[in-house]
Amino acid sequence: LHDASQAGQVNYEADLSIYNMVLKAWSKSSDQLAASHALRILDWMEDQSYQSGKRHLQPNTQSYNAVLEACKQSDDPKLHDALLNILQQMEDHYEAGIVSAKPNRTSFFLVFTALARLRTPGSHLATLSFLQRMERLHEENTYGRLLDKDYYTMAIGACAWASDRSGAAEAEKLLDKMEEGKSFNFKIKLFTYDDVLGGWARSLSDDALERSRKILKRMPLKKSK
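One structure accompanies this document, and this report is about it. (Residues numbered from 1 in each chain as written. Predicted model: local features only at pLDDT ≥ 70, side-chain atom pairs only at ≥ 80, totals over all residues. Heavy atoms only, no water.)

Thoughts on the overall build of the protein chain
Test applied: Elements are defined by DSSP. Helices are runs of H or I of four residues or more, strands are runs of E of two residues or more, and each kind is numbered from the N terminus. In this scheme, a residue with accessible area under 20% of its type's maximum is buried, one over 50% is exposed, and one in between is partly exposed, where area comes from a 1.4 Å probe on protein chains only. The contact criterion used throughout is that any non-hydrogen atoms of two residues lie within 4.5 Å. Positive charges are assigned to Lys and Arg, negative charges to Asp and Glu, while His and the chain termini are left out of the count. A charged residue contributes its charge at one atom only: NZ of Lys, CZ of Arg, CG of Asp or CD of Glu.
The helix and strand tally for the protein chain stands at 11 helices and zero strands. Element order for the protein chain, N to C, with α for helix and β for strand: α-α-α-α-α-α-α-α-α-α-α. Dimensions along the principal axes, computed over C-alpha positions, put the protein chain at roughly 70 × 35 × 35 Å. Expressed as a percentage of its 225 residues, the buried residues of the protein chain come to 47%. Sequence separation of 24 or more characterises 62% of the internal contacts of the protein chain that already satisfy a separation of 6 or more. Across the protein chain, the centroid of the 30 positively charged side chains sits 8 Å from that of the 30 negatively charged ones.

Overview of the environment of R145
To be explicit about the condition: The term polar contact refers here to a pair of N or O atoms within 3.5 Å; inside protein, the definition further demands a hydrogen-donor-capable atom paired with an acceptor-capable atom, and it admits residues adjacent in sequence only when both atoms are side-chain atoms.
Within the secondary structure layout, R145 lies in the loop between α7 (123-140) and α8 (149-160). A residue is classified by how much of its surface remains accessible, and R145, at 47% relative accessible area, is partly exposed. Between the C-alpha atom of R145 and that of A126, which follows or precedes it by 19 residues, the distance is 21 Å. Those residues in contact with R145 that lie beyond four places of it in its chain are R105, H138 and E139. A distance of 2.7 Å separates a polar atom in the side chain of R145 from the backbone oxygen of H138.

Re the pattern of salt bridges
Which entries qualify depends on this criterion: Criterion for a salt bridge: a side-chain nitrogen of Lys or Arg within 4 Å of a carboxyl oxygen of Asp or Glu.
This structure, assessed with the given rule, holds 14 salt bridges. One salt bridge connects E170 with K173, and the closest N-O pair in it is separated by 3.8 Å. Of this pair, E170 and K173 are both found in helix α9 (residues 165-180), three residues apart, which corresponds to roughly one turn of the helix. Residue classification places E170 among the partly exposed positions, given a relative accessible area of 24%. Among the ionic contacts, a cluster of salt bridges with common partners joins R165, E172, D176, E179, D207, R211 and R218.

Digging into helix α11 (residues 208-218)
The criterion, for reference: This arc is taken over the directions from the axis of the helix to the C-beta atoms.
When α11 is considered as a whole, its buried residues turn out to be A208, S212 and I215. Each buried residue of α11 sits inside an arc of 60 degrees when the element is viewed along its axis, so together they form one side. Set apart from the buried face of α11 by more than 90 degrees, the exposed residues are L209, R213 and K217. Those residues of α11 that are buried lie in contact with α9 and α10 (190-203).

Observations regarding the packing of aromatic side chains
The condition that has to hold: Note on aromatic contacts: the rings of Phe and Tyr and the six-membered ring of Trp form a pair at centre separations within 6.5 Å, being stacked when their planes are under 30 degrees apart, edge-to-face when over 60 apart, and tilted otherwise.
Under the counting rule described, the total for this entry stands at seven aromatic pairs. Arranged with centres 5.8 Å apart and planes meeting at 55 degrees, the rings of Y94 and Y143 form a pair that is tilted. Here the residue Y94 occupies a position in helix α5 (residues 79-95), and Y143 occupies one in the loop between α7 and α8, the gap between them amounting to 49 residues. Within the aromatic cluster, the residues linked to one another by ring pairs are Y94, F108, F109, F112, F130, Y143 and Y151.

A short note on the packing of α9 against α10
The condition that has to hold: Structural elements are reduced to axes, namely lines fitted to C-alpha atoms, with helices fitted over the stretch in contact, and the angle between N-to-C directions of any two is expressed from 0 to 180 degrees. Convention used here: angles under 35 degrees read as roughly parallel, angles over 145 as roughly antiparallel, angles from 65 to 115 as roughly perpendicular, and any remaining angle as oblique. In this scheme the handedness of a crossing depends on how the near helix is turned from the far one: anticlockwise by less than a right angle means left-handed, clockwise means right-handed. Throughout, the ten residues Ala, Val, Leu, Ile, Met, Phe, Trp, Tyr, Cys and Pro are labelled nonpolar, Asp, Glu, Lys and Arg are labelled charged, and all others, Gly among them, are labelled polar.
Viewed as axis vectors pointing N to C, α9 and α10 meet at an angle of 160 degrees, and their least axial separation amounts to 8 Å. Between α9 and α10, the angle falls in the class roughly antiparallel. Crossing of α9 over α10 shows left-handed handedness. Contacts from R165, A168, A169, A171, E172, L175, M178 and E179 of α9 reach α10 at T192, Y193, V196, G199, W200 and S203. Tallied by class, the residues present in the contact of α9 with α10 amount to eight nonpolar, three polar and three charged.

Considering the packing of α8 against α10
Contact geometry for α8 and α10: axes closest at 8 Å, N-to-C directions at 15 degrees. Between α8 and α10, the crossing angle belongs to the class labelled roughly parallel. You can see that α8 and α10 cross each other, and the crossing is left-handed. For the pair α8 and α10, the contacting residues are T153, I156, G157 and A160 in the first and F191, T192, D195, V196, G199 and R202 in the second. Counted by class, the contact of α8 with α10 contains four nonpolar, four polar and two charged residues.

Details of helix α4 (residues 61-73)
For the α-helix, the turn length of 3.6 residues means that residues three or four positions removed from each other point alike. Quick note on the threshold: Helix span is expected to be 1.5 Å times the residue number reduced by one.
Given a rise of 1.5 Å per residue, 13 residues ought to cover 18 Å, and the 18 Å separating the end C-alpha atoms of α4 matches this to within 8%. Taking burial as the measure, the 13 residues of α4 include 11 buried ones, the bulk of the element. Listed as buried for α4 are T61, S63, Y64, N65, A66, V67, L68, E69, A70, C71 and K72.

What follows is the structure, given as structure tokens:
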């Protein structure tokens with residue numbers, strides 16, 4: 001309908017709710033080009049609302065989150081730059097006074113989970129950088145309380161899969177922070193310790209065995225029934 005309207009084949013212009021339904025459909029699609037379709041529609045909506053003055057087509061939080069979800073579902077690592085760009089657009093619009101584009105907890109969760117599941121060289125550094133950014137925003141309460149233990153658990157997994165000493169060390173630092181529990185009431189699962197141990201095992205570092213033994217001593221004992 002959108003393409004037909006632009007081609008002048010039908011005399012109809014959909015409103016924001018229709019576009020949001022289409023974006024949501026692409027976010028749930030298994031089509032390999034779903035993210036590309038969603039990005040194309042979002043770009044058109046932005047152009048129409050901010051360049052052509054059609055404010056009724058101005059994307060809102062629901063619009064952006066649907067596109068973030070579509071990009072998150074893709075296996076194309078290049079689309080993760082698009083995720084960061086979209087989130088930045090939301091923040092910029094909100095700071096400019098467009099409250100309807102304010103990013104929420106879901107917005108940050110979608111971006112973070114997409115970064116954390118990447119398994120490319122150095123990808124864990126992007127995850128750590130984004131986590132630090134979220135920590136600052138969480139403390140400032142700019143977009144509400146954003147963080148919980150799941151973010152640290154996912155970040156540990158990302159670092160542990162880096163397969164080098166720096167990744168294993170960063171995973172252990174995050175575990176230290178969770179155990180300290182200064183900002184959050186963390187209840188650490190055993191598999192989180194397992195992830196850190198796996199990180200040291202994959203690192204092939206000279207001190208991997210020593211570090212692993214120390215972590216084993218820190219692991220909570222499983223209560224017998």
